[in-house]
Amino acid sequence: MSKNNGAGKTAKNTAAKELSERVSDVNTAVSDDEEKSPERISDKPKTAKEILARLSVAEKASLASGKGFWETREIDKVGISIPSVTMTDGPHGIRKADETKRNNIMQLSHKATCFPPAVTVASSWNRGLARDMGKAIAEEAKSLGVTTVLGPGVNIKRSPLCGRNFEYYSEDPYVAGEFGTAFVNGVQSRGIGTSLKHYAANNQEKLRMSVSAEVDERTMREIYLPAFEKTVKEAQPTTVMCSYNKINGTYLSENKKYLTDILRNEWGFKGLVVSDWGAVNDRVRGIEAGLDLEMPHSSDNDKLVADAVMTGELSEDALDATTERVINFALNCKRNEYTDYKADFETNHLLARKIAGEGAVLLKNEDGILPLQRDLGDCLIVGALAKKPRYQGTGSSKINPKNLISFTEYLDREGISYKYCAGYTIKKTCYSKKLLLEARNAAQNAKTVVIFAGLTSSFESEGFDRTHLDIPAGQTALISELALVNKNIVVVLSTGAPVKMPFIGGVKAVLNLYLGGEACGEAAADLLFGAVNPSGKLSETFPLALDDVLANKYFPMGPRTVEYRENVFVGYRYFDTAKKSVLFPFGYGLSYTQFKYSNLQVDKEIISENDRLTVSFDITNTGKVFGGEAAQVYVRDSESIVFRPDKELKGFEKVYLNPGETKTVSVTLDRRAFAYYNVRISDWAVESGEFEILVGSSSRDILLSKTVTVRAENEVSHPDYRKSAPSYYKIGSVLAVPDGDFEKLTGRPINPNNPPQKGEFDKNSTLNDIRAVFFGKLIHAGARLIARLLAAGSENKDMILNSVDDMLIRNVGMFSPPLMKFLLKSINGSKKSD
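Residues numbered from 1 in each chain as written. Predicted model: local features only at pLDDT ≥ 70, side-chain atom pairs only at ≥ 80, totals over all residues. Heavy atoms only, no water.

In this section: the overall build of the chain. Helix and strand content of the chain: 24 helices and 31 strands. In terms of overall dimensions, the chain is globule-like: its C-alpha atoms have a radius of gyration of 28 Å, near the 28 Å expected for 834 residues. Principal-axis analysis of the C-alpha atoms places the extent of the chain at approximately 95 × 65 × 60 Å. Evaluated residue by residue, the chain yields a buried proportion of 61% over its 834 residues. For the chain, restricting intrachain contacts to residue pairs at least 6 apart in sequence, the fraction spanning at least 24 positions comes to 76%. Accessible surface, the chain: about 31800 Å² in total, of which carbon and sulfur atoms supply 49%. One way to put it: in the chain the 108 positive side-chain charges average out to a point 3 Å from where the 106 negative ones average out. (Helix = DSSP H or I, 4+ residues; strand = E, 2+ residues; numbered from the N terminus. Rg over C-alpha atoms; globule rule 2.2 N^0.38 Å. Buried < 20%, exposed > 50% of the residue type's maximum accessible area, 1.4 Å probe, protein only. Contact = heavy atoms within 4.5 Å. Areas by Shrake-Rupley, 256 points an atom, 1.4 Å probe, with all protein chains shown as cover. Lys, Arg positive; Asp, Glu negative; His and termini not counted. Charge placed at Lys NZ, Arg CZ, Asp CG, Glu CD.)

What follows is the structure, given as structure tokens:
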């Protein structure tokens, strides 16, 4: 026995020695002066696998992270050439950094078309527009030498308060998946790569780099994963970007269950997994889990990877798997790189205008006050946002627009005379007594007053979440005051998320532009003057009050965890099941014309669970103008053992009709339309029984219905939580989900959620955490000072300053590993250093 152990030890030492001889210093791994034989040069490898076979461990490790902030690392030596390729932010346009400016998210970028962000695109309910937008963005990527666009974002809007909701499509996974798939197909049809993000359960900005999303398996599968699943299966995005957060205690960047077991093995993903920028916690574990590329560059982690292979901690096979995917990514991207491509910015601007027009939602139009006459002589335009529009969100996705046009600029260009008052300032609460009184006096003599209002960047941004649903107090005061002196008030809103409207009863019309992109001013004019008939519908619910949102009782929580106790009851799934009143329901939107639904048909009344069901119905334009209508198909399980939402969207189509015209709409429902995720069998299951097919213009306006019977082919055990977790069966009367009910669904005790104490701080502690000790306060104060200096004059000022508290110690760039160990030891007052 001892002899065998000695032999094993000798073999291990020999292997380690061989690896040691192959491992060179990572920083000098990529050499351009290696001596190679002529035979080797002529036999230049062509495939990623062939190239991989000729790389040292150190060279492989050097490819595990990027080069700088936006590029992958190249290897260029005799006989081998792996190119460097460029990625950049791009959910609604290309944000290619200007190389002459500061090299981070605060620097100015090259000009590009600023399309409306995802919130507006999804409100169009037009998949084709998302696809066309993707194609246009790809063309501009080519012109700027970008090979991969970092988008789309398909995260679910769990709470209306998430600061980044403008960058996501919907509270509904079906809608998010449809638009994510369309965008990816559009971009990649032009040879440019995409990055599906942020995978997964990244539904808040507060503590986004450290918080653990505590989510049960069914909720993940039914709410937070389907949009990713659909996009992967139907579009095969070039890359998938893992998010910052943990799920049930494990960082996504090292979570094998999500990066390999589900993403690759279940869904068949073939591409590259890339980290969000700064999301990597343990690079070695990340490679084992299936994280291919860390961004941005990290020479420290590259060396750790090489050392781990040398010591046997990490198998070289695991490194080979990720390295081969990085090489393939670089080679494929390089083949689609252009140096002199010219994009058609004028055509793209027209597309941005069209998307903004279709994505705007008419929320109220009393007495048909809209559309307005183009002669605005008797009208008053009020609001600083009419001159300086908020047309996109703030943060890493912020585009430097090629051709931004405000509403007043459009009026000036068209020679339309108008009267204008600012009404408020853009700063802080927006209140200005002087400007309010000026607007009030002018409004008394106006026939109609059009007020441009909405959220400013200090209220809504990446890097922090909102704490309320209010628009700036100065704007609310202005609207209320002007409504006292003029009965014909039209409010034009620019927001990236739902807001409260205490003024709604005192105004005649509300047009929600959301965020309209660079053509927002032209789109507003198109809609207000009737050149475009509003056809957008909400892809999210507008609640009456924040307390009405069940998920908000567990948002954003922290300091360690955020509990998704609401389970599948997110958005309209909660409001409709709980029968709670809302300000505006999911799927809602008005038009300048009217539509009639009729003649609902199903091709079968009894089906097997694996059959497809075709649903058809007619829509007629009964009004006087051309218009578009987004018809929605929901499914309701009439009776079930497992708790389910009242109804769930399973299909939609948008049709365009002339006055008097009728079209037949057809939607096909497959097995997943009737199924739920059964944790007992770890698969989707259907309960035999009756299901209602509901057709409507919103989740609260169901106009047609029909009942079908679905028969399960295999009888399985369905979870019955009526005794063990009863709150989920009476969700409308529940003020808070009991601990025991939540634990029953997660299958484990609730994890501790107390702040870390002295002696517990590690590299994943936030700068706000370490303020609990004196030395930590000094570090935090220093970071705040540096942030203020960096943010001075930046459009991302609020994001930068608000992000400091949640920054992790490991992400503070000035802290080298030795310095970080010293700091942790000092903060903890002990020997703890990692």
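The residue N155 is located in the loop between β5 (148-150) and α7 (173-188) in this model. On the basis of relative accessible area, N155 is assigned to the buried category, the value being 1%. A distance of 2.7 Å separates the side chain of N155 from the backbone oxygen of H198, its partner in a polar contact. (Polar contact = N/O pair within 3.5 Å; in protein donor to acceptor, adjacent residues only side chain to side chain.)

Before going further, it helps to examine the sheet that holds β5. Spatially, 5 strands are ordered β3-β5-β6-β8-β11 in an open sheet, and the strand pairing comes out parallel. Looking at strand neighbours, the two that pair on one side only are β3 (87-89) and β11 (272-275), the edges of this open sheet. Averaged over all pairs of adjacent strands, the angle between their axes in this sheet comes to 30°, without regard to strand direction. Note that β3 and β5 share 3 bridges and pair parallel. Across the sheet, residue D89 finds its bridge partner in β5, namely L150. (Pairing = 2+ DSSP bridges. Axes fitted to C-alpha atoms, helices over the stretch in contact; angles between N-to-C directions.)

For the chain, the average pLDDT comes to 93, and 93% of its residues sit at 70 or higher. Here helix α2 (residues 38-42) stands out as the least confident element of the chain, with mean pLDDT 35; strand β12 (residues 361-365) is the most confident, with 99. Segment residues 1-42 is flagged for pLDDT under 50; beyond a separation of four residues in sequence, or across chains, it makes 44 contacts in the model. (pLDDT = per-residue confidence, 0-100.)

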